[in-house]
Each structure stands twice: as C-alpha cells, then as structure tokens.
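Topology and contacts: notes
Now for the letters of each chain:
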Amino acid sequence: MKMSSDKRKTAVPQLRMTPGTHYVWVAGSCDYCHEERCSGGAYIMIMNGEVIETYAAHEYHTTEFRMILTVMIQAMEAIPNGSDIVFLTNASYILQNWDKKPTGKSANADLIGNCISVRERHASVSVKIVPFHKYRQLQDANNLAHEAMIELRRKKKHLDKSMGSAKECDIHKT
C-alpha cells in the first residue's frame, strides 16, 4: 500500500495590521494548584510589523486574568497618548470585562477601573479575540507570561530553602 502525504507548506497566518496602530498580544499564566498562586502576565507590542516592546510581570495570590489586565494597563501607559491600540488575546474574559464599568459584584474592579481610566488617553483601544494555536505572537506572549510565573516560583523556592522549609511543587501552564 502506498501512502501519500501532502507536502505543501501551510502559510503562517498573518493578521492584517493598520500602519501606525499598536498591536499588543497579551497573555497570562497562573499556578492555581498552590496556596501562593504564582501568576504571570506578558505582552508583545508590534507596530508597523516590528516588535517594539515586550514586557512581563509576576505576582503572588492572583489570577491570570488580573495579570492580563495588569499588563494591558502597563502597555497603555507605555504607548504615547492619542494612539490607536488593538489588544489581541484568547481570553474571552478580557473582551467581556475590560471596559465595562465595574459594579460592587465585579471581579477585578480595581484593574478594570484602571483600564477604563488609562484608555481615555488614547484615540481608540479595542480587544480582539484570536485563536491561540493560530498566531505565534500569542503563543510567544503566553511563554513570556509562563516564564515570569516560573521565575516567581523559583524565587519562592529559593526563599523557602534559605528559610529551611523548601516545598516541591508542579507548575501548570495555562
């Protein structure tokens, strides 16, 4: 039996980008299985087809959604006032909540309020949901966020060892 395979190269998907607009790929990662819940968030900022900045942050006792909101705020603060910004993510929570006026029951009301406040400095800011598997930039942003989370976990482990109470733990990528 002869097997054949299609050797055609599949094109890497390209997102149509408007010149002069800042495209910011945002992602988060969280270690939900541990009490201190290490989390990381990151972005990759692209303008006119070139990466102009990358950024990663990490915190204890938080969620990946809080970290994504945190790096979105950082990006909006880093971008010159009056700019056009498109955030790209696969986290629908961000699209559904980042610009809705928080209520008393809103999760992450502080960060959402900050997003709304800093957004007002810019000509336009939007969030677009994209498939994770389709765009390398989103995967790279997720890897940056995951590495930030791992770095925090290493610091915690080193601190625990220096205090004589090291604990082993698994890190789960989201």
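Everything below is about the structure shown above.
Below is a short write-up of the structure. Predicted, not measured: the structure shown is a model, and the values here were computed from it.

Here we take up the packing of aromatic side chains. Where two aromatic rings form a pair, the distance of their centres and the angle of their planes describe that pair. Under the defined criterion, the tally for this structure stands at three aromatic pairs. Ring plane angle 45° and centroid distance 5.5 Å describe the contact between W25 and Y135, whose orientation is recorded as tilted. Residue W25 is found in strand β1 (residues 22-30), and its partner Y135 is found in the loop between β5 (124-129) and α4 (136-162); the two are separated by 110 residues along the sequence. For the pair Y43 and Y55, a centre-to-centre distance of 5.4 Å together with 25° between the ring planes defines the contact as stacked. Taken together, the residues Y43 in strand β2 (residues 39-47) and Y55 in strand β3 (residues 50-59) connect sequence positions 12 residues apart. We classify Y43 as buried; its relative accessible area is 0%.

In this section: unusual backbone geometry. Positive phi, normally seen in glycine, also occurs at N48, with a value near 55°. Mapped onto the fold, N48 is located in the loop between β2 and β3. The phi dihedral of N108 falls on the positive side, at around 60°, and the residue is not glycine. On the secondary structure map, N108 appears in the loop between α2 (92-97) and α3 (109-119).

In space, the five strands of this open sheet follow the order β3-β2-β1-β4-β5, with mixed pairing throughout. Two strands close off the open sheet at either side, each with one partner strand: β3 and β5. Going across the sheet, the axis of each strand differs from the next one's by a mean of 20°, ignoring polarity. Here four bridges tie β1 to strand β4 (residues 84-89), and the two strands are oriented parallel to one another. Bridging from a neighbouring strand, V24 pairs with F87 of β4. Across the sheet, helix α1 (residues 64-78) lies against β1, β2, β3, β4 and β5, angled at about 35° from β2, the strand it touches most.

Conventions we followed
- Residues numbered from 1 in each chain as written.
- Predicted model: local features only at pLDDT ≥ 70, side-chain atom pairs only at ≥ 80, totals over all residues.
- Heavy atoms only, no water.
- Phe/Tyr/Trp six-rings, centres within 6.5 Å; stacked < 30°, edge-to-face > 60°.
- Helix = DSSP H or I, 4+ residues; strand = E, 2+ residues; numbered from the N terminus.
- Buried < 20%, exposed > 50% of the residue type's maximum accessible area, 1.4 Å probe, protein only.
- Pairing = 2+ DSSP bridges.
- Axes fitted to C-alpha atoms, helices over the stretch in contact; angles between N-to-C directions.
- Contact = heavy atoms within 4.5 Å.

Everything listed is a geometric property; what it means functionally is a separate question.
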